[in-house]
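Residue-level structure breakdown
So the chains spell out like this:
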Amino acid sequence: MAHTLVIVESPTKARTIRGFLPKDFRVEASMGHVRDLPNNASEIPAAQKGQKWANLGVNTESDFEPLYVVPKDKKKTVKELKDALKGADQLLLATDEDREGESISWHLLQLLAPKVPVKRMVFHEITKEAIGRALDQTRELDMELVHAQETRRILDRLVGYTLSPLLWKKVAWGLSAGRVQSVAVRLLVQRERARRAFRSGSYWDLKASLEQSGSGFDAKLTHLAGQRIATGNDFDENTGELKAGSKVRLLSESDAQALSETVKSVAWSVTSVEEKPTVRRPVPPFTTSTLQQESNRKLRLSARETMRCAQGLYERGFITYMRTDSVHLSDQAISAARSCVESRYGKEYLSKGARQFSTKARNAQEAHEAIRPAGESFRAPQETGLDGRDLALYELIWKRTVASQMAEARLTMLSIDLSAADAVFRANGKRIDFPGFFRAYVEGSDDPDAALEGQEVLLPGLKQGDSPSLKNVEALGYQTQPPARFSEASLVKMLEKEGIGRPSTYASIIGTIVDRGYAALQNNSLTPSFTAFAVTALLEEHFPDLVDTSFTARMENTLDEISHGKVQWLPYLESFYKGNEGLESQVHLREGDIDPGASRTIDLEGLPCVVRIGRFGAYLEAKRVGDDGEEELIKATLPREITPADLDHDQAELILKQKADGPEALGEDPETGDLVYLLFGQYGPYVQRGQVSDENPKPKRASLPKGVKPEDLSLDDALGLLRLPRLLGEHPDGGRVQAGLGRFGPYVVWDKGKSEKDYRSLKGEDDVLAVGLSRALELLAMPKRGRGGRTALKDLGKPEGSDETVQVYDGPYGLYVKQGKINASLPEGKGADDITLEQAVELLEAKAATKKGGRKASSTKKPAAKKAAAKKPAAKKPAAKKPPATTKSGRLRASAVRVIRPADS
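Residues numbered from 1 in each chain as written. Predicted model: local features only at pLDDT ≥ 70, side-chain atom pairs only at ≥ 80, totals over all residues. Heavy atoms only, no water.

Section: the overall build of the protein
Basically, it comes down to this: The numbering of helices and of strands both runs from the N terminus, where a helix is a DSSP run of H or I of at least 4 residues and a strand a run of E of at least 2. The quantity called the radius of gyration is restricted to C-alpha atoms. Its globule counterpart is 2.2 Å times the number of residues to the power 0.38. Here a residue-residue contact requires only that any non-hydrogen atoms of the pair lie within 4.5 Å. All accessible areas in this document rest on Shrake-Rupley with a 1.4 Å probe, and a residue is counted as covered only by the protein chains that are shown. Under the convention used here, Asp and Glu are negative, Lys and Arg are positive, and both His and the chain ends fall outside the count. By convention, the charge on Lys lies at NZ, on Arg at CZ, on Asp at CG and on Glu at CD.
The helix and strand inventory of the protein stands at 23 helices and 31 strands. Relative to the globule expectation of 29 Å for 905 residues, the C-alpha radius of gyration of the protein, 33 Å, shows essentially globular dimensions. Looking at the protein alone, contacts between residues at least 24 apart form 66% of all its contacts between residues at least 6 apart. Per element, the accessible surface of the protein, about 45800 Å² overall, is 48% carbon and sulfur. Averaging the locations of the 133 positively and 127 negatively charged side chains of the protein gives two centres separated by 8 Å.

Some words on helix α2 (residues 75-86)
Rules: Under the convention used throughout, the expected extent of a helix is 1.5 Å for every residue step, that is, one less than its residue count. Only protein chains enter the area calculation, which uses a 1.4 Å probe; residues under 20% of their type maximum are buried, those over 50% are exposed, and those in between are partly exposed. Directions from the helix axis toward the C-beta atoms define the arc.
The first and last C-alpha atoms of α2 sit 17 Å apart over twelve residues, in line with the 16 Å expected at 1.5 Å per residue. Looking at α2, one finds that the buried residues are T77, V78, L81, A84 and L85. All buried residues of α2 fall inside an arc of 125° around its axis, so they share one side. Across α2 from its buried face, at more than 90 degrees, point the exposed residues K75, K76, K79 and K86. Here the buried face of α2 lies against β1 (3-8), β2 (25-29), β5 (88-93) and α3 (99-112).

Description of the pattern of salt bridges
To be explicit about the condition: What makes a salt bridge here is a side-chain nitrogen of Lys or Arg within 4 Å of a carboxyl oxygen of Asp or Glu, nothing more.
For the structure on display, the rule yields 54 salt bridges. Notably, a salt bridge pairs E408 with R281, separated by 3.8 Å at the nearest N-O pair. Of this pair, E408 sits in the loop between α11 (388-403) and β11 (409-420) while R281 is found in the loop between β10 (268-280) and α8 (288-299), placing the two residues 127 residues apart along the sequence. Each member of the salt-bridge network shares a partner with another, and the members are R152, D156, R179, D325, R502, E556 and D560.

Regarding the sheet that holds strand β27 (residues 756-761)
As a reminder of what qualifies: Only strands joined by at least two bridges in the DSSP assignment are considered to pair. Fitted lines through C-alpha atoms give the axes, limited to the stretch in contact for helices. The angle between two N-to-C directions lies from 0 to 180 degrees.
Within the open sheet, the four strands sit side by side as β24-β25-β26-β27. Their pairing is antiparallel. The open sheet is flanked by β24 (726-730) and β27, the only strands paired with a single partner. Pairs of neighbouring strands in the sheet enclose a mean axial angle of 30°, with direction left out of account. Bridge count for β24 against strand β25 (residues 736-742) is four bridges, and the pairing is antiparallel. Of the residues in β25, the one forming a bridge with G729 is V737.

A word on helix α6 (residues 181-197)
The end-to-end C-alpha distance of α6, which contains 17 residues, comes to 24 Å, matching closely the 24 Å that a straight helix rising 1.5 Å per residue would cover. Among the residues of α6, those classed as buried are Q181, S182, V183, A184, V185, R186, L187, L188, V189 and E192. Where α6 is buried, its residues contact α12 (488-498), α13 (503-515), β14 (519-522), β15 (525-528), α14 (530-542) and α15 (549-563).

Structural notes on the packing of aromatic side chains
Our working definition: Aromatic contacts are taken between Phe, Tyr and Trp rings whose centres are within 6.5 Å, Trp giving its six-membered ring; a plane angle under 30 degrees counts as stacked, one over 60 as edge-to-face, and the others as tilted.
Here the structure, examined in full by the defined rule, presents 15 aromatic pairs. Here Y345 and Y349 contribute two aromatic rings whose centre-to-centre distance is 6.3 Å and whose plane-to-plane angle is 55°, an arrangement assigned as tilted. Judged by its relative accessible area of 14%, Y345 falls in the buried class. Y349 gets classed as buried once you look at its relative accessible area, which sits at 9%. With centroids separated by 5.4 Å and ring planes inclined at 65°, the aromatic side chains of Y747 and Y759 adopt a geometry described as edge-to-face. Remark: Y759 occurs in strand β27 and Y747 occurs in strand β26 (residues 745-753); sequence separation between them is twelve residues. Grouping aromatic residues by their ring pairs yields a cluster made of Y203, F235 and Y478.

Quick look at the pairing of strand β21 (residues 675-681)
Successive residues of a regular strand alternate their side chains across the two faces of the sheet. The buried fraction of β21 is high, at six of seven residues. Linkage of strand β20 (residues 665-668) to β21, two consecutive antiparallel strands, is achieved through a turn of six residues, within which G673 is found at a positive phi near 85°. In this sheet, strand β22 (residues 684-689) lies alongside β21 in antiparallel orientation, the contact comprising six bridges. Each bridged residue has a counterpart across the sheet, and for F680 the counterpart in β22 is P685. Hairpin remark: β21 followed by β22, antiparallel, with two residues in the connecting loop.

Brief notes about the environment of K784
Here K784 lies in the loop between α21 (773-780) and β28 (794-797). Residue classification places K784 among the partly exposed positions, given a relative accessible area of 37%. When the C-alpha positions of K784 and R760 are compared, they lie 7.3 Å apart, and in sequence the two are 24 residues distant.

Observations concerning a negative patch on the surface
This is how it is decided: Distance thresholds for patches are 9 Å for like charges and 5 Å for nonpolar side chains (Val, Leu, Ile, Met, Phe, Trp, Tyr), applied to residues having over 30% relative accessible area and no salt bridge.
A contiguous patch of negative charge on the surface is contributed by D627, D628, E630 and E632. Along the polypeptide, D627 turns up in the loop between β18 (617-625) and β19 (631-637). Look at D627 and you get exposed, because its relative accessible area is 89%.

Quick notes on the packing of α8 against helix α9 (residues 303-315)
The condition is simple: By convention, the crossing between two helices is left-handed when the near helix turns anticlockwise from the far helix through less than a right angle, and right-handed when the turn is clockwise. Charged means Asp, Glu, Lys or Arg here, nonpolar means Ala, Val, Leu, Ile, Met, Phe, Trp, Tyr, Cys or Pro, and polar covers whatever is left, Gly included.
Viewed as axis vectors pointing N to C, α8 and α9 meet at an angle of 115°, and their least axial separation amounts to 9 Å. In this structure, α8 crosses over α9, and the sense of that crossing is right-handed. Packed against α8, whose contacting residues are T288, L291, Q292 and S295, the element α9 presents A303, T306, M307 and A310 at the interface. For the contact of α8 with α9, a count of residues per class yields four nonpolar, four polar and no charged.

Observations regarding the confidence of the model for the protein
What counts here: Confidence per residue, as judged by the predictor, is encoded in pLDDT with a range of 0 to 100.
Mean pLDDT over the protein works out to 86, with 90% of the residues at or above the 70 mark. For the protein, the element scoring lowest by mean pLDDT is helix α23 (residues 863-871), at 40; strand β6 (residues 118-120) scores highest, at 97. Here residues 362-366 scores under 50 on pLDDT; set against residues more than four positions off or in separate chains, the count is 20 contacts. Every residue in residues 853-905 scores below 50 in pLDDT, and together they form 88 contacts with partners more than four places removed in sequence or on other chains.

Considering the packing of α15 against helix α16 (residues 569-577)
Stated precisely, the cut-off is as follows: Comment on the angle field: the value is read as roughly parallel under 35 degrees, roughly antiparallel over 145, roughly perpendicular from 65 to 115, and oblique elsewhere.
Contact geometry for α15 and α16: axes closest at 10 Å, N-to-C directions at 155°. Considered as vectors, α15 and α16 are oriented roughly antiparallel to each other. By crossing handedness, the relation of α15 to α16 is classed as left-handed. Facing M555, T558 and I562 of α15, the residues of α16 in contact are W569, Y572 and F576. Considered class by class, the residues forming the contact of α15 with α16 number five nonpolar, one polar and no charged.

Take a look at the structure:
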């Protein structure tokens, strides 16, 4: 029976869209990209392996023609799509409505070579109405959009695959460089350098607590004898002293205390009262960038987590497409938002007219709407059936969209100046006369000390000449603080502000920075590593343009001009990569000048040594005079958890001293008589009972739990760690419950016997040395989370003869069953409640057999058989019609395409 084949990216999207299509439509998923440049040497076809450009995946000798391959894990998907196409009388390519989606559709067209009519089906939300419109308004594939994406992909490959091998040779194996990634890393390093160079300054002021007619308020000292009092902004970050030329009064502690006593004994008088009316207008609805920022501030989700969660909400029909630079809202969306406002808050909270926003971001694309709840009417968060982070993110999007159509908030800013002798104090307040959109949404701030807009600070009704009563005066001392590290939100904001990269790629860029060890995410701050310092220093010295924000932004502009047809892509790639000043020549020229020893050395100010990057991480190196008077070189491994931000003079001295003199004992274990030592290793500080010897080659060791500082560790704590695991008691259902410390941190375990154990990680507030049986039982009763923090949707039980439970999970590509290390996707249409243990076992056995069969086939095929297969002539097939504007290899012809839209970085 003939059918229309619709191809989307994911099974989740396929399941959602299937419900809105006629019965004779078949929906299949491509599982993302089906073809790309080769990721490694094993993916390079034999015919190209000998070419010197093959590892790049781009033929730099022939108009930068890309070498596209189907990855091994996608060959099965491609075959299934080809089989699905056999009985089809029409093909609809329904991948996402952006450059990436257009590119996926083009690659599908190249691989499937369909002989039936092909149309592009696009939509930015998955609702019945949107899918209906998309079916009526199909279009041709946008080859200009595809070409723009391909040009950007080639440029990123040239930068990454040319610089990365240089970093492997000169710094450390496995590092990567990237057109946007390396600039982002440099931003982190520059901020950390500023923090290390920062010198703290101190200043004092006074805070007065006053009362008028029973109403209390606070005021702070601003002037003394007509001179302004110094604040944190008046200090030089590099010296800790007042900035040159500052005409301010710096109070010492003694000055502040003396003034405090003086103002207690004098009359206070109001010298001025000011009320300044103002309005606050709602911020625009979310774009990709602002969603990542606000989700990080308010929900503490990483950019990667935000995009993964938003992808799921889009594919299940809850929100519109989440990769967009536009703040535009459709008439349908505005109507839905205004309906929500009127029904929930009343007509007085509606803006006077429909509010539309214009995009101010550099190189913005207006291809889509802003991110908003899907549909012609918005589902209230509590009506969606969502939970967890899905609900939190949807609610954030719902509130921001609804607030965009609400009335302005009307406020009155209040300030009162008071005099006490020759001192002037000021009290600031804020009165909310009409909350307007504050009722629904208040934007977060990157400054943790900043008050939210919607908070009201009222002052008593005072007028000039009033004399409020003084309740207390307090002298307050302050230390200026170094510039804050970047959070994911503030880094995304900076990248967008500077015009570097594309918001749709920020999540993967930040993820790569963390995954490759360039930065660690600690307390929602990105802290650069020693490797980041070394790589940034090398690139700054030898390839300064590639890590310069303005150069990268100009490159971004050029890529957009290429997409608009204002610049020719081939001459630009030629000039960037080839010639004496091109990247290829510059890397070859400078490679011999780069000293690996110098590239692996980080000279941080204030340390008694240098830091070097070695095969196993960072280490300290210093020259010391030994007992014999001879100078010796001392090398000491730095624990991986120590970053450039943490390493100071005293800590470096302690680690070097321990390496030179041996560890210092914390004390003696009364049970064994052995000394207990605190040591520093590659994976952090640990305690050890006794020393390594022939009689004791493996002394008992225990790592310090996360958050425990070595300098705060007592002998009792060390002994407690060395005696782990400890017995907490018996489980009500039989078996022992213990607390221990493993490679993934502290845990409790229920030992049921017969090698069956049930583990749970301890939470941040739990102490492995103090946790009791009742808390352990509480943790063990909680659902066990799978990989990626996922909670099992259903526990199907244990198959006969097996010790491992089969569970159902919801993953990025839909529902799947899991037993041990084997995962198997559920068939289309099967839900968590529909699958039985027997069916799950069949799926898992089939998956396991596929894996084993694949390995066996690849290893046992005889060479002769391979040779015969190679000689056998292929059956002739009718020539498939190629889409216009391509070469035989599927490469777009430069002469046939004029690019008119921007592309991703």
